[in-house]
Amino acid sequence: MRKNIALYSGEEHRFILLNESEPGEEDGIPSNQFLILHKGKGTLLDPGGFGVMPQVLNELLQYVQPEDIEAIVLSHQDPDIVGGLTTWLRLCSAKVYVSRIWQRFLPHYGITGMKQRFIGVHDDGENFTFASGLELQFVPAHFLHSPGQINVYDPIAKILFSGDVGASEVPSENCEVFVESFADHLPHTAGFHKRYMASNRALRYWVQQVRKLDIDIIAPQHGPLYRGQAKEDFLNWLYDLPCGADLLDVKEND
Ligand SMILES: [Fe+2]
Ligand SMILES: [Fe+2]
């Protein structure tokens with residue numbers, strides 16, 4: 001189990017990778033949880049499934065008390081993101097940000113009080129300024145894989161939290177914090193992107209948006225992070241990748 005890692009540390013602003021959580025008995029894929037600290041307040045990105053919640057809380061308490069969590073961002077609707085949310089909602093009074101298209105589905109996780117706590121993010125993306133003064137840019141990443149996925153760009157840390165884009169499954173004993181060589185990393189991530197991502201059109205659109213941002217690190221919800229040459233190689237690979245619906249074998253005049 002690796003330790004928490006400060007990906008960015010400024011005077012009143014930090015971007016922390018909380019140590020990668022094993023879902024334990026749920027036998028699921030390990031996930032990354034990220035905590036942005038700004039002027040003493042915390043923003044939690046993709047809090048994780050039900051099984052990892054106690055461990056994520058344990059790590060988070062080293063930095064911030066639950067009452068000082070001002071926002072929780074859900075990149076999309078999946079159980080490895082939302083499964084622990086009911087417990088988080090009881091512990092803190094944070095607002096929860098999620099794509100508008102998923103708001104009506106979340107009550108099925110047993111979540112109540114949606115109207116007071118949840119903010120639906122517009123399809124085109126939005127910029128938000130939280131009570132601490134933290135400014136975050138919510139970047140659309142639709143159809144990758146979720147029809148309503150949002151990425152989070154932190155312009156101070158120059159980190160893009162990319163949700164499931166760039167996700168990989170690397171055996172935990174070999175899992176470094178950053179991808180060293182994208183060519184070596186490819187077998188851990190190619191199958192997931194080909195099967196789960198909707199289409200090359202969606203990938204290209206995303207890569208074009210991402211290239212407009214000044215990004216040092218792309219931080220996915222699963223597996224190691226991308227920076228430097230590995231980040232460039234990753235973006236170039238995605239731009240040309242046929243995936244999802246592109247791979248359906250549609251016969252003309254069938
Ligand atoms: Fe997902
Ligand atoms: Fe995921």
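This text follows the structure it describes.
Residues numbered from 1 in each chain as written. Chains lettered and ligands numbered in written order. Predicted model: local features only at pLDDT ≥ 70, side-chain atom pairs only at ≥ 80, totals over all residues. Heavy atoms only, no water.

Undergrad: Quick question: what am I supposed to make of the layout of surface pockets here?
TA: Over the atoms, a rolled probe matching the size of one water molecule traces out where space is still vacant. Space inside the largest pocket adds up to approximately 240 Å³. Lining the largest pocket are 13 residues, with I29, D164, F192, Y196 and H222 positioned closest to its centre. For the lining of the largest pocket, the elements supplying multiple residues, two or more each, are α2 (79-82) and α5 (182-196). Residues that form the lining of the largest pocket fall into these classes: 5 nonpolar, 4 polar and 4 charged. (1 Å grid on protein atoms, 1.4 Å probe; cavity = no way out; pocket = protein on both sides within 12 Å on 5 of 7 lines; lining within 4 Å. Points joined across faces, edges and corners; volume = space filled by probe spheres on them. Helix = DSSP H or I, 4+ residues; strand = E, 2+ residues; numbered from the N terminus. Nonpolar A, V, L, I, M, F, W, Y, C, P; charged D, E, K, R; others polar.)

Undergrad: Honestly, the side chain of E59 in this entry has me stumped. Any pointers?
TA: Note that E59 resides in helix α1 (residues 53-60). As a buried residue without a salt bridge, E59 has its nearest oppositely charged side chain in K3, at a separation of 9.3 Å. Side chain to side chain, E59 and N4 meet in a polar contact 3.1 Å long. Other than its neighbours up to four places away in sequence, E59 contacts N4, L18 and N19. (Buried < 20%, exposed > 50% of the residue type's maximum accessible area, 1.4 Å probe, protein only. Lys, Arg positive; Asp, Glu negative; His and termini not counted. Salt bridge = Lys/Arg side-chain N within 4 Å of Asp/Glu carboxyl O. Polar contact = N/O pair within 3.5 Å; in protein donor to acceptor, adjacent residues only side chain to side chain. Contact = heavy atoms within 4.5 Å.)

Undergrad: How should I be thinking about the pattern of salt bridges in this particular structure?
TA: Pairing is possible between side chains of opposite charge, provided their charged atoms come close. For the coordinates displayed, the defined rule picks out 5 salt bridges. Between D214 and K158 there is a salt bridge; the shortest N-O distance is 3.0 Å. Taken as a pair, D214 in the loop between α6 (200-211) and β12 (217-220) and K158 in the loop between β10 (150-154) and β11 (159-163) lie far apart in primary sequence, 56 residues in all. A residue is classified by how much of its surface remains accessible, and D214, at 45% relative accessible area, is partly exposed. Among the residues examined, K158 registers a relative accessible area of 28% and is labelled partly exposed.

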